[in-house]
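# Structural overview
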Amino acid sequence: MTKKNERDAEGLPVSSVDMADAPIQSLDEDQLGRRSFAGALAAEVMTAPVGRGYVMGLTGPWGSGKTSILNMTADAIGDAAIVIHFNPWMFSGTEALVGSFFAEIGKQIQAKAPKLKNIAGKLALYGQVLSPAAAVFGAAGAAQAAANALQTISAGPSAFEQQQTLRTLLAGLGKRLIVVIDDVDRLRPQEVLDIVRLVRLVGDFPNTLYLLAFDRRRVEECLGEGDLARGRAYLEKIVQVTHDVPAARQPDVATMFIEGLQALPNDVPMGPMKAEDWQNIFTFVIRPLLATPRHVRRLLSSLSMTMRMVGDEVAFADLVGIEAVRVLHPALFEAITSTADHLAARSGLQGQDGYQRGRAIADSPIAPLFKVDPQVAEAVCRWLFPAARHHFENMGFGPEWETTWRRERKVASASVFRFYLERRLPDGVVPAQSVDEALALLADRQALRAFLDSWSPNELMDLLERMNPAIEELPVAADIAADPARQAIPVLLDLLPRLPEDQGAFTARGSMTPMRLTFRLLQRIPDEAVRDEVVRAVFAETSVLSGRQLLLLTAGHRESAGTGMVAPAVATELESRLRDELAAQTPQDFAGQDRIGYLANLMAETDKGKTALQALAEDDTVLLSLLADCVGETRGQVIGAAAVTATKELAWEGLVAWFGKEMLVRRVAEILNAVTDDGLEISEEHGTALTLAADYATGNRPRRPWERLAGQSRAAEFDVAGDEDASTADEPHAGSSAPDAPGNTPDKP
């Protein structure tokens, strides 16, 4: 289905709306119900008294559709009059404006009525006579203008004689001459004054009507040099009557916009769209900002580029809503970006940042939004950033909403909104479409494995974490062999070696994500016997032994870990099989296992397994691998500081439980001797672990960050008190490492 068809499926009508900010040219193009107004204006133009000329004004703010109405009015007049269009914005300077005015009128008259070539020529000549007289209009360069004027006048009839000739010729025209002057309000203040003076000069030509279109306030400011009353009085002396552009009916503008969405190119990507979200966001956020046709075209024009940049990473309704605010209400958008941290779902206690009974919104962290526009700000908070409601309503959105909103690709998610602002995904984050693709492949083992192989470890973590919330919604397949649980879990568990390392054998991190996915996939299956069957099959088809153990931890009955989704007898049987398989490993194969510390912990739970583990640990590579896998890290940070202090630690007590202290110390000493005396080469990782183990074996323990910080604090107190021994407080001592190089170890022991 193409993007166009997707929009059609949502009930958006097809249209050929032109997204360019260009006026319509004819009555047939009217979409805002202004055809009748244009017809009435045409009738007024054709019946106004023009014996001594007539000046009529069409007023309306920028973007209200004045030019479109002028074009429809000319279309309604048709051949009943000679309609001439003049846009002063195309000419700069008083002299050019005056000369071009008459020249342009003359050329258009000759083009429309060749028989009136004589009048066209007279108008052009009259313009040449008036053009040098810039001083009449207040322009600079009067000396040069006077010289040019003398030369021109001496070569032909006077300006007065030419004016009288034109009056006679225009009075004898068989049709009215309608001069449409548009975009007066776009001129610089001096040029506005020039064009109004020009109209005043020629406004009494017989059989001629001037129809000016302008923003009344803008022109009055220019004419009055900031004094509106003065400018209005000046304008009323020149323009006999004005007609206001009728306000566009909001339903018509809304329809124009909805139809305009269909004019977006079919290759523009579109995010997911929920009808309910669209109805709310469009009604309360977008539609109030669409006051004029120009607003519609500006928003439509920006959407195409924005949608190409963000792709399908942002839900369609949210994207259009926040883009409408950005384009049409920039002050409010600036306030949103400045308070973005207070618009997202929060974790923990809200404290002073949350709802406080009786507190005015002006005293809240999101006050800048409501200072700009209270009505639109409330709608934006309610429908685009609902977590912000906790600032003015007793309603909270916890951190779980961030997961939900990110999955739905809503800007209420801090991650999604950040992407909208930056227009690029952060490193390690996969496109939302890839999450959908992975979910769609869960029942196809080979395709899923191939798809997941293409991602980096960090991207895999992001992908798996974002898949997790949607798992429970998957239906259970009628044929359980084809169910996502049966097909996908072996693939997910085999990913363990590619995921970020856990922080030591007793602190899980990277393994938690596939564990949660496994749990949700199995939880969908209501029948216990069927779950037992699936777990047995998955166990057999998972290649990575740590993946098998993770399966048993998830589905078994271990305290604080298992969920009891399989019968106790099944869990016990499979654990026993895994221990036997581990015990049968060669030292080389066992040392190469992923997350070897977890596997060793499982083996050590039985006497038989512990004996086998101890026998394997007599191999240097096995023990070094176990030591390296049992190295973890603690971190500390001073409040208000950016620096983080890290200290490497070894799960020494766990190792002692596996091997006994005597064996463990002996084996560490043997390997140290082999390295220092026999030249045994080991990796940097193994060297770090071995050095740390040697410290632990001799009773030393590295001080944790908070212990070192406490020591530094005491040292500072001693310094203040003048304690001459205070300088030793931060020096290394038994059970610590140097504070300036925590956990620092050589490449080799």
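Residues numbered from 1 in each chain as written. Predicted model: local features only at pLDDT ≥ 70, side-chain atom pairs only at ≥ 80, totals over all residues. Heavy atoms only, no water.

## A few points about unusual backbone geometry
Most peptide bonds take the trans form, and the phi angle of most residues other than glycine is negative. Phi is positive for Asp183, close to 60°, though the residue is something other than glycine. The backbone phi angle of Arg595 is positive, close to 50°, even though this residue is not glycine. Its place among the elements puts Arg595 in the loop between α28 (587–591) and α29 (596–603). (Helix = DSSP H or I, 4+ residues; strand = E, 2+ residues; numbered from the N terminus.)

## Notes on the pattern of salt bridges
Per the stated rule, a full pass over the model turns up 44 salt bridges. Arg249 serves as the salt-bridge partner of Asp252, at 2.9 Å between the closest nitrogen and oxygen. Linked by salt bridges that have partners in common, Glu618, Asp620, Arg666, Arg667 and Glu670 make up one network. (Salt bridge = Lys/Arg side-chain N within 4 Å of Asp/Glu carboxyl O.)

## Some points on helix α30 (residues 607–616)
Every buried residue of α30 is listed here: Gly609, Ala612, Leu613 and Leu616. Relative to the axis of α30, the buried residues are bounded by an arc of 100° and lie together on one face. Opposite the buried face of α30, at more than 90 degrees from it, the exposed residues are Asp607, Thr611 and Ala615. The inward-facing, buried residues of α30 abut α27 (568–583), α28, α29, α31 (620–629) and α32 (652–659). (Buried < 20%, exposed > 50% of the residue type's maximum accessible area, 1.4 Å probe, protein only. Arc of directions from axis to C-beta. Contact = heavy atoms within 4.5 Å.)

## Some points on the packing of helix α21 (residues 445–452) against helix α23 (residues 484–493)
The packing of two helices is summarised by the inter-axis angle and the distance between the axes. Taken N-terminus to C-terminus, the directions of α21 and α23 make an angle of 30°; their axes are 9 Å apart at the nearest point. In terms of orientation, α21 and α23 fall into the roughly parallel class. As for the relative orientation of α21 and α23, their crossing is right-handed in sense. The residues of α23 that touch α21, namely those facing Arg445, Leu448, Arg449 and Leu452, are Arg486, Gln487, Ala488, Pro490, Val491 and Leu492. In the contact of α21 with α23, the residues fall into six nonpolar, one polar and three charged. (Axes fitted to C-alpha atoms, helices over the stretch in contact; angles between N-to-C directions. Parallel < 35°, antiparallel > 145°, perpendicular 65-115°, else oblique. Left-handed = near helix turned anticlockwise from the far one by under 90°. Nonpolar A, V, L, I, M, F, W, Y, C, P; charged D, E, K, R; others polar.)

## Description of the environment of Asp341
On the secondary structure map, Asp341 appears in the loop between α15 (330–338) and α16 (367–372). Considered as a pair, Asp341 and Pro365 are 24 residues apart in the sequence and their alpha carbons are 9.4 Å apart.

## Description of empty space enclosed by the protein
As enumerated under the stated definition, the model contains one cavity of 30 Å³ or more in all. Secondary structure elements with two or more residues in the lining of the largest cavity: α4 (94–112), β3 (176–181) and β4 (208–214). The element best represented in the lining of the largest cavity is α4, accounting for three residues. (1 Å grid on protein atoms, 1.4 Å probe; cavity = no way out; pocket = protein on both sides within 12 Å on 5 of 7 lines; lining within 4 Å. Points joined across faces, edges and corners; volume = space filled by probe spheres on them.)

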